[in-house]
Amino acid sequence: MKESDIRFTKFLVLVNAGVPALLLAWDAWHHQLGANPVNFAILTTGMLTLVFLMLTLLVTPLRKITGWNWLIFYRRTLGLYAFFYACAHFSIFFALDRSFSVSSTLTEMVRRKYLIIGSLGLLSMVPLAVTSTNGMLKRMGANRWHALHRLVYVAAVCGVIHYYMQVKADVRQPLAFAGVLTVLLGYRVVTRQNKTAQPAASRAKIWSGPLRVARIVQETPEVRTFRFTAPDGGPLPFQHQPGQYLVISPVIGGRKVNRPYTISSSPTKPDYCEITVKREENGRVSRHLHDTLREGDTLNISAPTGRFIFDGTQAKSIVLIAGGVGITPLMAIARYLTDKNWKGDIYFAYAAKTPGDIIFRKELDDLKARFPNLHAHVTLSRAEDTDWTGHKGRVSAEFLMKCIPELPARLVYICGPDAMMAMTVQVLKDLGVPASQIKLEEFIAAKKAELNAMDARTCVSAPDVLAPNDGTGPKLKFSRSGKSVALAPDKPLLEIAEEAGVEIDFECRSGICGRCKTRLLGGCVTMETQDALDDDDKSKNIILMCQARATEPVTVEA
Ligand SMILES: Cc1cc2nc3c(=O)[nH]c(=O)nc-3n(C[C@H](O)[C@H](O)[C@H](O)COP(=O)(O)OP(=O)(O)OC[C@H]3O[C@@H](n4cnc5c(N)ncnc54)[C@H](O)[C@@H]3O)c2cc1C
Ligand code: HEM
Ligand code: FES
């Protein structure tokens, strides 16, 4: 859908949702509300509240099932109308039925219990209305905002119960609302369960071991692709999804160093995986890969991991925006989708410096020629004095609008340098793409903490929080779940926690992503890598559970 269409349909929803209120006001003005006008107005506004609450709740499932992402643009208007009608419903009751008398309203509430339930529904909508602006969303952060906005479920449940309780004889209509609400909430429970089941599935898939360098290809002057195979041939010992990364652990200068690299090849090639690496002038690992690694060498690898995945099931079309070497996950996705003959539109917008820096240039051209649903466009920031006739400049609103129709309704994946990603996100937001439709992959450069071996030991002196010594050896205690289990000095605390059934989030298992951050409450741990910890984390005794090992009793906040 075009932006002008979205603006227009948003306006239509805004106006149409207000029509019942106008009709009610019109009929009231002309004394056409029947024998009991106040009751008629209360019943009508109550019904409208419930209908708008249901419509608001319908947006997410309908959007997920149909792939019509543009539906999201109307959710806020529908929700605010639900609140508006609820306020009108209460105000008419308070003003015209109870003559503005607080004591009479309260007495009535005690007498008719369904009014208390209705009031709970209305009250739970107030924080939603107050925080419905983009500014509040930004201020609160997406997680807290989404958590708060679950209050809409409370409002809808209270509304339905309130309706059911006040109906005297025929309960079919409130039961119909209850049925619809059960389906809408049930859908959310099921999709949530599937989501939380995912980490458990990926847990089984993390593999670690040596792979052989089968081929090295020079892509551009600064970028090389390294193809890895199983040391003894045959299929790779792990399966991955398009967009995921692996962690390589070469030993440089006598120390093991971990770095994540996206798997740029497609999961449809089960016998190899490739990484495509830019040589950083002072980079430890990228220079090692470029300057030292040779075909036939082996390298220790953990794979796969990462949640920046697109396999064609998440949406009916996809926009891939890449900058520089950030093309790797997006190329993996494009390769996978074309290998699978995916029917959706793939819009690929790529920014590089000069024509010689365009990674996978020939392959992109070939794919574009063979797959009409792949629309690839390149823009160059340093095209002067070259024979480049294509688009010039950075990723701008003009470039994106030229390459991608109906942008606000599409799912967008971005990977590139930090500044390019920040600018692109801003441009997308200005063009009307909701934040929830933008997925980012950051190639955060590793911090230098690992170089300082002294930093690797973290201790908290708090003997009273440790598990008592019962003669069975040192224990790892989890303060929240109250569990205490035996420590195995050779195992990271994350593994011990998993065996004990204590849920700790993780992703890379290599000390890079920071997902397993947990507070150390007592005892000492050592960490081989702590790239994901900054000084603030360290001052708060935060440790990485995937890296932390202990030989003495410890307690962690989990
Ligand atoms: C999920 C993920 C996926 C990734 N995928 C890819 C990929 O597909 N391809 C890819 O090329 N990279 C990728 N990266 C980045 C990669 O992991 C490394 O961060 C990158 O290769 C640099 O590592 P390095 O050891 O060479 O550099 P580091 O030694 O870690 O240095 C990082 C940066 O600091 C600079 N630097 C180093 N030492 C100094 C110094 N003394 N003074 C000033 N500057 C210094 C370096 O020039 C470099 O720019 C990915 C990162 C993540 C998180
Ligand atoms: C989420 C908030 C609410 C919702 C969704 C809601 C919904 C409804 C619905 C659907 C009806 C019945 C309409 C019909 O029969 O056609 C109704 C009736 C009514 N509601 Fe609410 N309501 C809410 C809050 C409140 C509040 C806060 C009050 C007052 C304290 C209130 C007072 C009433 C009254 C007095 C009736 C009419 C009962 C009767 O005379 O038959 N409601 N409401
Ligand atoms: S899981 Fe990534 S840092 Fe521990």
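Only a predicted model underlies this, so the values are computations on that prediction, with no experimental measurement involved.

As a further point, take the site of ligand 1. Around ligand 1 lies a shell of 23 residues, among which Thr-262, Gly-283, Val-285, Ser-286 and Thr-328 are the nearest. Across the shell around ligand 1, the residue classes break down as 11 nonpolar, six polar and six charged. Residue-level mapping places the shell around ligand 1 at the junction of two domains, with at least three residues from each of domain 2 (207-305) and domain 3 (317-447).

One frequently used descriptor of interface size is the decrease in accessible area upon assembly of the parts. Parsing the protein into structural domains produces domain 1 (3-199), domain 2 (207-305), domain 3 (317-447) and domain 4 (454-556). Here domain 1 and domain 3 have C-alpha centroids that lie 40 Å from each other. Tallied by class, residues from the side of domain 1 that touches domain 3 come to three nonpolar, one polar and one charged.

Turning to the sheet that holds strand S13 (residues 411-415), a few remarks are in order. Across the sheet, which stays open at both edges, the six strands sit in the order S12-S11-S10-S9-S13-S14 with parallel pairing between neighbours. Every other strand in the sheet has two partners, leaving strand S12 (391-392) and strand S14 (438-441) as the edge strands with one partner each. Examined bridge by bridge, strand S9 (residues 317-323) and S13 share five bridges and lie parallel to one another. Residue pairing in the sheet places Ala-322 in a bridge with Cys-415 of S13.

The next point concerns the pairing of strand S6 (residues 259-262). The side-chain alternation of S6 yields two buried faces, one formed by Arg-259 and Tyr-261 and the other by Pro-260 and Thr-262. As defined by bridge partners, strand S3 (residues 245-248) adjoins S6 across four bridges and the pair is classed as antiparallel. In the sheet register, Leu-246 faces S6, and the bridge partner there is Tyr-261.

Glancing now at the confidence of the model for the protein. Looking at the protein, the pLDDT average stands at 90 and 94% of residues meet or exceed 70. Residue range residues 198-204 is modelled with pLDDT below 50. Its contacts to residues more than four positions away, or to other chains, number one contact.

What follows covers the site of ligand 2. Around ligand 2, the structure places 22 residues, and the nearest of them are Leu-43, Gly-46, Gly-118, Gly-121 and Gly-159. Elements represented by at least two residues in the shell around ligand 2 include exactly helix H2 (37-66), helix H3 (75-97), helix H5 (113-130) and helix H8 (151-166). It is H2 that contributes the most residues to the shell around ligand 2, seven residues altogether. For the shell around ligand 2, the class distribution of residues is 12 nonpolar, 10 polar and no charged.

Moving on: unusual backbone geometry. A cis amide bond links Ala-303 with the next residue in sequence, Pro-304, at an omega value of -15 degrees. Relative to the assigned elements, Pro-304 resides in strand S8 (residues 298-305). Even without glycine at this site, Asp-385 takes up a positive phi of about 65 degrees. Among the structural elements, Asp-385 can be located in the loop between strand S11 (374-380) and S12.

Residues Leu-320, Leu-330, Ala-349 and Leu-493 are the most contacted members of the largest nonpolar core, which totals 93 residues. Among the elements that make up this core, the one with the highest residue count is helix H11 (residues 327-339) (eight residues). Once residues lying within four places of it in the same chain are set aside, the contact partners of Leu-320 are Leu-330, Ile-333, Ala-334, Ile-346, Tyr-347, Phe-348 and Tyr-413. Formed by 27 residues, the second largest nonpolar core is a distinct cluster that contains Ala-17, Phe-93, Met-125 and Leu-128.

About the cut-offs
Residues numbered from 1 in each chain as written. Chains lettered and ligands numbered in written order. Predicted model: local features only at pLDDT ≥ 70, side-chain atom pairs only at ≥ 80, totals over all residues. Near = placed C-beta within 6 Å. Nonpolar A, V, L, I, M, F, W, Y, C, P; charged D, E, K, R; others polar. Domains from an automatic or database assignment. Pairing = 2+ DSSP bridges. Helix = DSSP H or I, 4+ residues; strand = E, 2+ residues; numbered from the N terminus. Buried ≥ 20, exposed ≤ 12 C-beta atoms within 10 Å, placed from the backbone. pLDDT = per-residue confidence, 0-100. Contact = placed C-beta atoms within 7 Å. Core = buried A, V, L, I, M, F, W, Y, C linked by C-beta atoms within 7 Å.

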